[in-house]
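# Working through the structure, step by step
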Amino acid sequence: MFKDWFGSKSKYVTVKRQKEKSKEKKKKKGKGKGKGKITDELWTKCKNCGEIIFNKKLAQNLKVCLECEYHFRLNSQERLNLLIDEDSFTEFGEELETVNPLEFPKYESKLKKYQEKTGLDEAVVTGEGQIGGHRVAIAVIDANFLMGSMNSVVGEKVTRVIETALNEELPLIIISGGGGGARMYEGMLSLMQMAKTSAALAKLDDAGQLFISVLTDPTYGGISASFASLGDIIIAEKEAKIGFAGPRVIKQTINKDLPSGFQTSEFQLEHGMVDKVVGRKEMKDVLVRILDIHSLRGEVNA
Amino acid sequence: MFKDWFGSKSKYVTVKRQKEKSKEKKKKKGKGKGKGKITDELWTKCKNCGEIIFNKKLAQNLKVCLECEYHFRLNSQERLNLLIDEDSFTEFGEELETVNPLEFPKYESKLKKYQEKTGLDEAVVTGEGQIGGHRVAIAVIDANFLMGSMNSVVGEKVTRVIETALNEELPLIIISGGGGGARMYEGMLSLMQMAKTSAALAKLDDAGQLFISVLTDPTYGGISASFASLGDIIIAEKEAKIGFAGPRVIKQTINKDLPSGFQTSEFQLEHGMVDKVVGRKEMKDVLVRILDIHSLRGEVNA
Amino acid sequence: MPKDHLEFEKPLIELEDKIKELKQFMQEKDIDLTDEIERLKEKSERVKQEVYSELEPWQILKLARHAERPTTLDYINLICDDFIELHGDRNYGDDRALIGGIGKIGDQPLTIVGHQKGKSTKDNINRNFGMAHPEGYRKALRLMKQAEKFNRPILALINTPGAYPGIEAEERGQAEAIAKNMMEMARLKVPIIIIVTGEGGSGGALGIGVGDKIMMLEYTYYSVCSPEACAAILWKDASEAKTAAEALKLTAKDLLELGIVDEIINEPLGGAHKAFKESAELLKEAILTNLQEIQSFSISEMLEKRYDKFRQIGEYIEHSRIEVNDEQQDEVVNE
Amino acid sequence: MPKDHLEFEKPLIELEDKIKELKQFMQEKDIDLTDEIERLKEKSERVKQEVYSELEPWQILKLARHAERPTTLDYINLICDDFIELHGDRNYGDDRALIGGIGKIGDQPLTIVGHQKGKSTKDNINRNFGMAHPEGYRKALRLMKQAEKFNRPILALINTPGAYPGIEAEERGQAEAIAKNMMEMARLKVPIIIIVTGEGGSGGALGIGVGDKIMMLEYTYYSVCSPEACAAILWKDASEAKTAAEALKLTAKDLLELGIVDEIINEPLGGAHKAFKESAELLKEAILTNLQEIQSFSISEMLEKRYDKFRQIGEYIEHSRIEVNDEQQDEVVNE
Ligand SMILES: [Zn+2]
Ligand SMILES: [Zn+2]
């Protein structure tokens, strides 16, 4: 589905996909639920410093505020643009369609709404591509789709990309950015995707393969409490919000205000949960360096 | 050397051993460095509650204060009496003699003094015996000998008892009670016994064998930072003091008073470092139950 | 009537009270009311059957949360011939909301971990209402890895409203602790039996919830989130919790149908809290039977089955793949 | 003269200052002092050789603690072609006093862990003067186990006065963390090279100190306890630290003789703090040479050698065993 934008040779598309996927249209439709919302087609006001920034300039600056370095959220396509070498991406798993297994009220309409809004089928995009010349299997959770929550299809796609990494001996990179945790509409089927993906990662680990988990804003709940926390190396993008329980729930439970800086990338670094906090502009470089070192095997014992 | 007291068939004695080893004599000579010192041959004043207790009664009560349950320290022989089935103990390692490898000033005289005072050659007694009918390899650190500090011989004897456990497939029990850490007089040779014993325990662990570490008052420094902390199951005797750095050093460093209950068995339980705090009277029973469960292998997978 | 009885238990309690009353009356006044009493007993039995055969999800949820329900330690003490609780994560602390230890049923050694709720308000505060912190999950993992070392099967008893959502839990990595446990439990080389004995609260439950067999007691639930939270988020109205409980498909029966749960363990009529011993017997039987079944496989078969069990969970439509060729977009090949 | 110079460095510094002075004078006044300068240079060289060839343990200890000595990160940056610092123990926190990460020397990937001291007072407070908490040792273990997963050799750079003796360190299990590391390092299936680059402070050093080769830079120490503490305890007089330093046999030379250390890495004349690059070169060479040697063994040989290395440490007299027969006490058999 990113074929046009990336010019890559995506081999599989589903039959049913007939939706409009214009990038421009999406931006217009974007409700701007996240912070730093796009207020105008041409200009964006920074949620952090209030600066009004020309959209083109913001995009050129990788959606990092030119004034205060605030990191606006990226969607999955922008994220792939940022990280994957040009013309090297092939998408997987487009053949999976979300259903309403519990016949949960209003689920279908929600799905439809988000599919139209984002141009995505589901909250994750998976595929393979190259990063600095290193072939990798990659998944990107898109927070714009139902808060990037995990359901049957998201779990299945993530599991399949893990299996691809395993079978083709590729390093695995998962970019998490899901604030929705396990998706309620699919009940326990969603919850169990946490176990399913974690079990698949156990196999990858047993095989001695590399998994880099990249946490972007926001990473919570069922995403953070499964694959996102299981990277050999865990990188958090600057200023992202990362945690298990959402701040509102915690506030309600403890009946106190939360400390400033709570659940930020920097907080997670201080508390030993992530290996590194990396600004968006350095992200690709850091990944390439990690992949470089892991591609070396040096002398092994005789 | 406990031959007489236990009536067991100790097979090896060294040639040189000619010292007096009267139990009575030792008690008289005891300087009572520890808490709850013996003030008189017949009576003991409890350090904790001040109660004056008839020594015979105190001994009958396993050296637990009849008034306040304060646990007086046991020496290695008393500890073995408490835990090992009658007539089942055989001592190991008597053939090792401590030397003064660094020619450290006054070391020989110190050694001699403690050998005379305790009737022991060194700060550990090792051997094999039965606990509730289960054959075990066992080591007991004796805090009365140079504060139960670890030197070449202690490290070697502990390593050998680990190797016996490994070779004869016996559960291993080490009763730690050493406040002296690694013994300064043997410098780095002492420190490295931490690594040596830990490495031996890695082998025992790889072999899937059980190691129960029992911590008694006091367990500090090089003892606590090696084998004492490496038990599959770690039992602390009630009210023992257990830690890495001694309270005086910590006080000096942080320049503050230490909280009450700091570094007690109960503190270690609360902080997740020990599996169980057990009173002296229940100690043997708990060990037997653990050994029982571990002796069962139940059905294994086909 | 004690406060702890649930709404739908009322008619039963009333009948039972009346029976008692008549019995006393008969004794005191020396009047023969045997027939009357017998009739009432039959009625009571009938009503019970009726009430408990058609419980709604919301009612089951209430039973699952019942304050008098047997706790993990209650079951352990009733099931095991010996049990030694072991403490601590060897890192930070000992979590009293998630306990563990080693024990035996007959000659079968077991490592048991489970959420522990309190019996009283004070006890519940001590147990944090069965909501574990990261150190609880890490203690469980430590004990389970030890079980693997000694080739000892693992029993995990789930009964938690969820993992604790607090500042300290976040600071010490609640997400990491739960994730790690799932990954490790997926590959532990010993049989693992999971039983939901009360509340199966989301990730907090799943943190000790990966194994060879997942069973649920009859009146328990296992859910992606609490119906109250679900209602508040989706219906913007917490009073819609009943509707949410319905929609979430969280009962043992629903989850058996969805293929997530392997077996339902019956409870005595009226619920486990009415008959501790009988419940424990049923639990014990289920444990031993399933353990025997799991042990009939080799370790690699067991692990494969465990993996497959979780691997197949999820419902979706898989469209046939269409190969798109850049030059000939029309050439369509079904795989 | 900067404050950071040591007592025995004084004559050298004075000579060097004089040479500088003369040079400047020569330039300014246009007088030829070449011979004079040359003579002084020779003398300086001679004095240096003399001073540094007969340093006492106490002086070596001072050099090992020198504030300007290269830190772990200094060495890493000079040695590695790339290095990425990785943080956190995945449990509690990130210890800045014990750092770690992955890097490469040429095409040789490495996992590196090491104590990190500060460069200034502020930096030193941030680094806790290189005294690690349990989370530091646990981070190191996490990274080392990862190294094992990826078959990457490990380099541990020791430079610590000791593990931090504080309330929180005790609460989080300082003893457990150090003990665990030793046990795990003894069996990690990748080459481990240990180098003491400054202070080798007791258990705090040993917590990352088990490996295939233990090397020490020339002007470093490794000791069961600080000479100051030793003097205070044994001589009841901290000013006897010099005597203690002598008695403890803590220098590289002593420890090589005792069979605890495998190799001494020379430092540039005057000490590592006088020539960072040169020191790093010497370190790098030692690392690569030793790595090559270790890698010439199979993994099982390597592990056996590593075990034997520690197994044989310790000095004592072993008497021949005498079998005592209860009936015939006189019958003595030498084994
Ligand atoms: Zn801004
Ligand atoms: Zn008393």
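A brief structural summary. All values derive from a computational prediction rather than experimental measurement.

### Structural notes on the overall build of chain C
In terms of helices and strands, chain C carries 14 helices and 10 strands. Principal axes of the C-alpha set define a box for chain C whose edges measure 95 × 55 × 45 Å. Here chain C holds 335 residues, and 60% of them are scored as buried. For chain C, the share of sequence-separated contacts (at least 6 apart) that also reach a separation of at least 24 residues comes to 70%. Of the roughly 13900 Å² of accessible surface on chain C, a fraction of 47% belongs to carbon and sulfur atoms. For chain C, the distance from the average position of its 44 positive side-chain charges to the average position of its 62 negative side-chain charges is 6 Å.

### Considering the overall build of chain A
Across its full length, chain A holds 11 helices and 11 strands. The buried share of chain A, reckoned over its 302 residues, is 61%. Sequence-distant contacts in chain A: of pairs separated by 6 or more residues, those separated by 24 or more amount to 70%. Of the accessible surface of chain A, which amounts to about 11700 Å², a share of 47% is contributed by carbon and sulfur atoms.

### Comments concerning the coordination of the zinc ion (ligand 1)
Residue and element names in this part refer to chain A. Taken together, Cys46 (SG), Cys49 (SG), Cys65 (SG) and Cys68 (SG) make up the full set of protein donors to the zinc ion (ligand 1), lying 2.2 to 2.3 Å away. Spacing between the donor residues of the zinc ion (ligand 1) along their common chain follows C-x2-C-x15-C-x2-C. Placement of Cys49 in the loop between strand 2 (43-45) and strand 3 (52-54) and of Cys65 in the loop between helix 3 (55-60) and helix 4 (76-83) is noted, with a sequence separation of 16 residues between them. With a relative accessible area of 36%, Cys49 lands in the partly exposed category.

### Remarks on the coordination of the zinc ion (ligand 2)
Ideal values for angles at a metal depend on the geometry: 109.5 degrees with four tetrahedral donors, 90 or 180 degrees with six octahedral donors. Residue and element names in this part refer to chain B. Only Cys46 (SG), Cys49 (SG), Cys65 (SG) and Cys68 (SG) from the protein coordinate the zinc ion (ligand 2), and they sit 2.2 to 2.3 Å from it. One way to put it: the four donor atoms around the zinc ion (ligand 2) meet at angles of 106 to 112°, and that makes the site tetrahedral. Between the donor residues of the zinc ion (ligand 2), the gaps in sequence give the motif C-x2-C-x15-C-x2-C. With relative accessibility at 1%, the residue Cys65 sits in the buried group. For Cys68, a relative accessible area of 22% puts it in the partly exposed group.

### Let's talk about the relation of the copies chain D and chain C
Relating one copy of the chain to the other requires a rotation about an axis plus a shift along that axis. Note on the identical chains: chain D maps onto chain C by a rotation of 180° and an axial translation of 0.0 Å, with an RMSD of 0.1 Å. Put plainly, the chains are arranged around a two-fold axis.

### Thoughts on helix 13 (residues 276-295) of chain D
Residues and elements named next belong to chain D. Compared with the 28 Å implied by 1.5 Å per residue over 20 residues, the 28 Å span of helix 13 between its first and last C-alpha is a close match. Taken residue by residue, helix 13 has Ser279, Ala280, Leu283, Ala286, Ile287, Asn290, Leu291, Ile294 and Gln295 as its buried positions. For helix 13, the arc enclosing every buried residue in end-on projection is 150°, short of the 170-degree limit, so these residues lie on one face. In helix 13, the exposed residues that point more than 90 degrees away from the buried face are Lys277, Glu285 and Gln292.

### Thoughts on the side chain of Arg138 of chain C
Its location among the elements puts Arg138 of chain C in helix 6 (residues 134-149). One polar contact links the side chain of Arg138 of chain C to the main-chain carbonyl oxygen of Gly173 of chain C, over a distance of 3.4 Å. Among residues more than four places away in sequence, those in contact with Arg138 of chain C are Met273 of chain A, Asp89, Arg172, Gly173, Glu176 and Ala177 of chain C together with Arg90 and Asn91 of chain D.

### Thoughts on the state of the cysteines
The tally for this structure, following the rule as stated, stands at zero disulfides over all chains. Cys225 of chain D forms no disulfide, and the closest cysteine sulfur to it belongs to Cys230 of chain D, at a distance of 4.6 Å.

### A closer look at the interface of chain A and chain C
On the side of chain C, 56 residues touch chain A, which itself brings 64 residues to the contact. Interface area for chain A against chain C, summed over the two sides, is near 5400 Å², with a carbon-plus-sulfur share of 70%. The largest share of the area that chain A buries against chain C comes from Met184, Met188 and Phe244 of chain A, three residues that together contribute 13% of it. At the junction of chain A and chain C, the tally comes to five salt bridges. Glu163 of chain A is the partner of Arg311 of chain C in a salt bridge, and the nearest nitrogen-oxygen pair spans 2.7 Å. Counting the contacts that link chain A with chain C gives 16 residue pairs in polar contact (both at pLDDT 80 or more). Counting residues per element, the ones that place at least two in the side of chain A that touches chain C are strand 1 (12-13), strand 5 (96-98), helix 6 (152-167), helix 7 (187-206) and helix 9 (247-254) of chain A. Looking at which element gives the most residues to the side of chain A that touches chain C, the answer is helix 7 of chain A, with 18 residues. A per-class count over the side of chain A that touches chain C returns 35 nonpolar, 14 polar and 15 charged.

### Thoughts on the interface of chain D and chain C
Chain D puts seven residues into the contact, and the matching count from chain C is seven residues. The contact between chain D and chain C buries some 610 Å² in all, and 42% of this surface belongs to carbon and sulfur atoms. Its largest share of buried area at the contact with chain C, chain D owes to Arg90, Asn91 and Tyr92 of chain D, together 62% of the area lost on that side. Where chain D meets chain C, there are four residue pairs in polar contact (both at pLDDT 80 or more).

### Re a nonpolar patch on the surface
All names here are of chain A. A cluster of nonpolar residues, Leu42, Trp43, Ile52 and Phe54, forms a patch on the protein surface that exposes about 390 Å² of accessible area. Position of Ile52 among the secondary structure elements: in strand 3. Judged by its relative accessible area of 47%, Ile52 falls in the partly exposed class.

### Concerning the sheet that holds strand 9 (residues 211-215) of chain B
Residues and elements named next belong to chain B. Read across the open sheet, the seven strands follow the order 4-6-7-8-9-10-11; overall the sheet is mixed. Both edges of this open sheet fall to strand 4 (90-92) and strand 11 (276-278), since each of them pairs with a single strand only. The mean angle between the axes of side-by-side strands here comes to 25°, regardless of whether they run parallel or antiparallel. Pairing geometry for strand 8 (residues 172-176) and strand 9, over five bridges, is parallel. Across the sheet, Ile174 pairs through a bridge with Ser213, a residue of strand 9. Running at roughly 170° to strand 10 (residues 233-237), helix 11 (residues 280-295) makes contact with strand 6 (124-131), strand 7 (134-141), strand 8, strand 9, strand 10 and strand 11 of the sheet.

### So, the packing of helix 6 (residues 134-149) of chain D against helix 8 (residues 174-185) of chain D
Residues and elements named next belong to chain D. Here helix 6 crosses helix 8 at 20°, and the two axes come no closer than 8 Å. Regarding the angle of helix 6 to helix 8, the classification is roughly parallel. Pair helix 6 / helix 8 crosses with left-handed handedness. Contacts from Pro134, Tyr137, Arg138, Ala140, Leu141, Met144 and Lys145 in helix 6 reach Gln174, Glu176, Ala177, Ile178, Lys180, Asn181, Glu184 and Met185 in helix 8.

### Quick look at the pairing of strand 8 (residues 172-176) of chain A
All names here are of chain A. Taken across its five residues, strand 8 has five buried, putting it largely inside the fold. Side chains Leu172, Ile174 and Ser176 of strand 8 all project onto a buried face; the interleaved residues Ile173 and Ile175 project onto the opposite face, where all are buried too. Examined bridge by bridge, strand 7 (residues 134-141) and strand 8 share four bridges and lie parallel to one another. Of the residues in strand 8, the one forming a bridge with Ala139 is Ile174. After leaving strand 7, the chain enters helix 6 and then returns to the sheet as strand 8, a path that is right-handed. For the crossover that starts at strand 8, traverses helix 7 and ends in the parallel strand 9 (residues 211-215), the hand is right-handed.

### Some points on the packing of aromatic side chains
The description of an aromatic ring pair uses the distance of the two centres, along with the angle that the planes make with each other. Counting across every chain of the model gives 19 aromatic pairs over all chains. Aromatic side chains Trp43 of chain A and Phe54 of chain A sit 5.4 Å apart centroid to centroid with 45° between the ring planes, which places their arrangement in the tilted category. Separated by 11 residues along the polypeptide, Trp43 of chain A in strand 2 and Phe54 of chain A in strand 3 bring together distant segments of the chain. With a relative accessible area of 41%, Trp43 of chain A lands in the partly exposed category. Taking the centre distance of 5.4 Å and the plane angle of 80° together, the rings of Phe104 of chain B and Tyr185 of chain B count as edge-to-face. One end of the pair, Phe104 of chain B, is in the loop between strand 5 (96-98) and helix 5 (107-118); the other, Tyr185 of chain B, is in the loop between strand 8 and helix 7 (187-206), with 81 residues separating them in the sequence. Its end group placed over the ring of Tyr307 of chain D, Lys203 of chain B keeps NZ or CZ at 4.0 Å from the ring centre. Cation over ring: Lys309 of chain D sits above Phe310 of chain D, and NZ or CZ is 5.8 Å from the ring centre.

Rules and cut-offs
- Residues numbered from 1 in each chain as written.
- Chains lettered and ligands numbered in written order.
- Predicted model: local features only at pLDDT ≥ 70, side-chain atom pairs only at ≥ 80, totals over all residues.
- Heavy atoms only, no water.
- Helix = DSSP H or I, 4+ residues; strand = E, 2+ residues; numbered from the N terminus.
- Buried < 20%, exposed > 50% of the residue type's maximum accessible area, 1.4 Å probe, protein only.
- Contact = heavy atoms within 4.5 Å.
- Areas by Shrake-Rupley, 256 points an atom, 1.4 Å probe, with all protein chains shown as cover.
- Lys, Arg positive; Asp, Glu negative; His and termini not counted.
- Charge placed at Lys NZ, Arg CZ, Asp CG, Glu CD.
- Donors = N, O, S within 2.8 Å, 3.2 Å for Na, K, Ca; no water.
- Tetrahedral: all angles 85-135°; square planar, octahedral: opposite > 155°, others 65-115°.
- Least-squares fit on C-alpha atoms with pLDDT ≥ 70 in both.
- Expected span 1.5 Å × (residues − 1).
- Arc of directions from axis to C-beta.
- Polar contact = N/O pair within 3.5 Å; in protein donor to acceptor, adjacent residues only side chain to side chain.
- Disulfide = S-S within 2.5 Å.
- Buried area = accessible area lost by both parts, 1.4 Å probe.
- Salt bridge = Lys/Arg side-chain N within 4 Å of Asp/Glu carboxyl O.
- Nonpolar A, V, L, I, M, F, W, Y, C, P; charged D, E, K, R; others polar.
- Patch = residues over 30% accessible without salt bridge, like charges linked within 9 Å, V, L, I, M, F, W, Y side chains within 5 Å.
- Pairing = 2+ DSSP bridges.
- Axes fitted to C-alpha atoms, helices over the stretch in contact; angles between N-to-C directions.
- Parallel < 35°, antiparallel > 145°, perpendicular 65-115°, else oblique.
- Left-handed = near helix turned anticlockwise from the far one by under 90°.
- Right-handed = clockwise from strand over helix to strand, strands pointing away.
- Phe/Tyr/Trp six-rings, centres within 6.5 Å; stacked < 30°, edge-to-face > 60°.
- Lys NZ or Arg CZ within 6 Å of the ring centre and 35° of its normal.

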